[in-house]
Each structure stands twice: as C-alpha cells, then as structure tokens.
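# Coordinate analysis (summary)
Now for the letters of each chain:
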Amino acid sequence: MDFNVKKLATGAGVFFTRAVQFTEEKLGQAEKTELNPHLENLITRADCTKNWTEKILRQTEVLLQPNPSARLEEFIYDKLDKKLPSRTTNPELLGQYMLEAAKDFGPATPYGSTLITVGEYQKRLGGAERELLQTSAAGFLTPLRNFLEGDWRTISKERRLLENRRLDLDICKARLKKGKLAEAKAALLSEEVDKAEHELRVAQTEFDRQAEVTRLLLEGISSTHLNHLRCLQDFAEAQATYYAQCHHYMQDLQRELNKCANAVSAPHPTAAVCPDPVSSAFLSGPSSPGATVSSQSSQRPGTLAMEQTQLPVTGTRKAKVLYDYDAHDVSELSLLADELITVYTVPGMDPDWLIGERGNQKGKVPVTYLELLS
C-alpha cells in the first residue's frame, strides 16, 4: 500500500494547529473571527429545524408503531434497502382469532355468530390502520428522514468546512500579528511578514467563499419548511380519513350487534331489529308543538315517508360531502363525494347524524362525512 508520508504529516500538522487554535479560543487566549449576524441566525434556525424534525419523526414513529421491536426491524430493513415483509396489524390479528374461535363455538350459535360479526369489523379496522401506516410513511415520515439523512448531512459537512476555514483564518491572523511584533524587534525578516500576509489573504478568500456556500444552503431551510408543511397537511388528512373510517365501521358494528341482541331476546322474528335512535325520532311523531306526522307513515312498515313528515328544523346549512357513503337502510341518504347538500337536525336526534336533503330526497347522513359550510 502506497502511503504519502509527507501529505499525512502535513494533514496531522494542520489538524494539530487547528486544535490548538480552538482550545485557545475556548480558554480566551486567542481572538476568534465572528460570523455575519445573518449567517449566525441561519445556523440557529437550521439547528432548531434539525432538532425538532428528529423529535417529531421519532414520536410519529412511536405513534404509528408502538412496538419497539417492530420499529427496530423496520429500521434494519430500511438500512439494508430491503422491502419489509407485510405485517398483520393488531386489529386484523384480533379479528382472525375471533373468526377461528367462532368455528369452534359454532357459527350458528349466538356467541359464534357475534364473534364472526365483530371479527369481520376488526379486520376492516386493521385494513384501515394498514392504509394509514402506508400513507403516513410515504407522505410524512419519508420526507422527514430524507431531510435528516440528505440535506442536513450536506449542511453539516459545509458547516464543518466553514469552521475549519475560520480556524485557518484566525491562525493566519495570529501568525501575522506575531510576525509584525517580531519584525518591530528586528528578529524576523520582512519576507516572512510578506508570506504571512499572503497566507492571510488566501485564508480570508477561502473563508468568505465557504461562508457564501454555507449561507446559500442554510437559506434553503425555508424550502424545507414549506415541504414539511405540505407533508404535515397530508399526514393530518390521512389521520382524518382513518378516524372517519373507524367511526363509520364502529357505527355499522353497533347496528349489527343491536340486531343480534334483539334477535336473541325477541319472541317473534318481526321484533328482531332494534330501532335506531334517529329512526325512532321520525317514527314517534312530533316532539314539539306545531310538528305533525302524516298517519300514513305508521301504516307503511320499514319506511319513514319523510316527504310527508313535518319536523321542526334547526340550523339549516349547506354542507360539502367529503367521502362517498352508501345508505344502509331507507332512513339514510346515499352521498357522493364533493356534492353539496342541505343539512339540519331535529330534536332528540343523535349528534353524530344530521338530516340531509338533495332535491326531493331526504335522509340521515353521518356528520363525519361532511364539511359544514357557513
């Protein structure tokens, strides 16, 4: 192996000289060149961005994957640049256990059939969680990691180089100062002073050039903030979609469980369905003076005859539909994303639901699928 001893010795000498200069500055025994105030502010802002990005990234990882072993496995696969094997989410695993238990207890038994119902919805919740994890990883975690492992490493490298250039500059300043003092005492030739002045000019030029490069990189932090802002909005939207899906699934599950409970306790099949609280508000008639219900609605089982119902209206507003929604029975109104409908509530109504109107169509709609407009 070919070693360049002279280059190695020169490098070691430069490192030692810089270390001496740095130590003397810390002890107050040497003067230090201060950076431009604007550059200092950029450095402080960049450090703040890096520190908080690390904390937000780590805590988001904990939020999305509380299991430390699973996070470590994901980290290893990421460093090895390999695709992480598909992992079953906890709700999916719970749902699978419930379905397997139902086979042993008997799918036709009340307990077995209920296990099947709950297990299926747990698997749906697990699927929604999986989608959240994938969306958040691609749209939020990856951009944060790319900044820390890419842009920040470049910035850190240039900052270290700037610090070395500053130390070299201050070394040259100190050397020139000593040379002029020695020249005044006739202990040093004038050409040595000229050499020190030349080295100082070269060091100053290199320092100024490196300071400009570092400044440009640090000013790019503003673009990083804008990028992280968009990623943060995408993350919040992914969470909103996930929680809306979970809320929708759990409402459906409650309806199914009510039906199962009534089917077990009801003496006749016709009484097997538990009335929905909002449907009861329609079928029970007016709840305040002046509200009347057509007698025909009680003569048509399974329908609400909303077009013939006069109900007190409170807070009529326009609303924008956020997601598609399929009505589960005749009391509900199917929705299409981005359409505008009129909504209002009635006394005694479940706060998670509103009455929606689209032309002559009318029915219950879930609040989580709407954006209320002023």
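Residues numbered from 1 in each chain as written. Predicted model: local features only at pLDDT ≥ 70, side-chain atom pairs only at ≥ 80, totals over all residues. Heavy atoms only, no water.

## Describing the packing of aromatic side chains
What counts, and what does not: Two aromatic rings from Phe, Tyr or Trp, using only the six-membered ring of Trp, form a pair when their centres are within 6.5 Å; if the ring planes differ by under 30 degrees the pair is stacked, by over 60 it is edge-to-face, and anything between is tilted. Secondary structure elements are taken from DSSP: a helix is a run of H or I of four residues or more, a strand is a run of E of two residues or more, and numbering for both begins at the N terminus. Only protein chains enter the accessibility calculation, which uses a 1.4 Å probe. A residue is then buried if its area is under 20% of the maximum for its type, exposed if over 50%, and partly exposed in between.
All chains considered together, the criterion is met by seven aromatic pairs. Ring centres of Phe140 and Phe235 lie 4.7 Å apart, and the angle between their planes is 10°; this geometry places the pair in the stacked category. Residue Phe140 is located in helix H5 (residues 110–184), and its partner Phe235 is located in helix H7 (residues 221–265); the two are separated by 95 residues in the primary sequence. Take Phe140: its relative accessible area is 3%, and that puts it in the buried class. A relative accessible area of 10% means that Phe235 is categorised as buried.

## Remarks on the pattern of salt bridges
Using the following cut-off: For this analysis, a salt bridge means a side-chain nitrogen from Lys or Arg found within 4 Å of a carboxyl oxygen belonging to Asp or Glu.
Inspection of every chain in the model, using the stated rule, returns 19 salt bridges. In this structure, Glu54 and Lys50 form a salt bridge, with 3.4 Å as the shortest nitrogen-oxygen distance. Of this pair, Glu54 and Lys50 are both found in helix H2 (residues 37–64), four residues apart, which corresponds to roughly one turn of the helix. Glu163 is the salt-bridge partner of Arg166, the closest N and O atoms lying 2.8 Å from each other. Pair noted here: Arg166 and Glu163 are both in helix H5, with a separation of three residues, about one helical turn.

## Regarding the environment of Ser156
Within the element layout of this structure, Ser156 appears in helix H5. Note on Ser156: relative accessible area 17%, which makes it buried. Between the C-alpha atom of Ser156 and that of Leu217, which follows or precedes it by 61 residues, the distance is 10.0 Å.

## What about the side chain of Arg255?
As a reminder of what qualifies: In the analysis that follows, any N or O atom pair within 3.5 Å is treated as a polar contact, provided that within protein one partner can donate a hydrogen and the other can accept it, and provided that, for residues neighboring in sequence, both atoms belong to side chains.
Here Arg255 shows up in helix H7. Polar side-chain contacts of Arg255 include one of 2.8 Å to the side chain of Asp252. Among the polar contacts made by the side chain of Arg255, one reaches the side chain of Glu332 at a distance of 3.2 Å.

## Quick word on helix H6 (residues 190–219)
The line we're drawing: Multiplying 1.5 Å by the residue count of a helix minus one yields the expected span of that helix.
Helix length check: H6 (30 residues) gives 43 Å between terminal C-alpha atoms against 44 Å at 1.5 Å per residue, within 8%. The complete set of buried residues in H6 reads Val193, Ala196, Leu200, Ala203, Phe207, Gln210, Ala211, Thr214 and Leu218.

## Some thoughts on the nonpolar core
Threshold: Only buried Ala, Val, Leu, Ile, Met, Phe, Trp, Tyr and Cys residues count toward a nonpolar core, and they belong to the same one when joined by side-chain atoms within 4.5 Å. Note on contacts: a residue pair is in contact if any heavy atoms of the two residues lie within 4.5 Å.
Of all hydrophobic cores here, the largest spans 41 residues; its most connected members are Leu35, Leu39, Phe140, Leu162 and Leu218. Elements supplying a minimum of two residues to this core: H2, helix H4 (90–105), H5, H6 and H7. Ignoring sequence-local partners within four residues, the contact set of Leu218 consists of Leu39, Leu42, Ile43, Ala46 and Ile155. If you look at the next biggest cluster of nonpolar residues, it comprises 16 residues, including Val321, Val343, Trp353 and Val365.

## Let's talk about the confidence of the model for the protein
The line we're drawing: In predicted models, pLDDT denotes the confidence assigned by the predictor to each residue on a 0 to 100 scale.
When pLDDT is averaged along the protein, the result is 81, and 80% of the positions lie at 70 or above. Across residues 268–313 the pLDDT falls below 50, and counting only partners more than four positions away or on other chains, this stretch makes 59 contacts in the model.

## Points about the pairing of strand E3 (residues 353–358)
To be explicit about the condition: Whether two strands pair comes down to DSSP finding at least two bridges between them.
Both strand E2 (residues 340–345) and E3 contribute to a ladder of three bridges, which runs antiparallel. Bridging from a neighbouring strand, Val343 pairs with Gly356 of E3. As defined by bridge partners, E3 adjoins strand E4 (residues 361–366) across six bridges and the pair is classed as antiparallel. Its bridge partner lying in E4, Glu357 is registered against Lys362. Hairpin connection between E3 and E4: a loop of two residues separates the two successive antiparallel strands, and Gly359 in this loop has a positive phi of roughly 65°.

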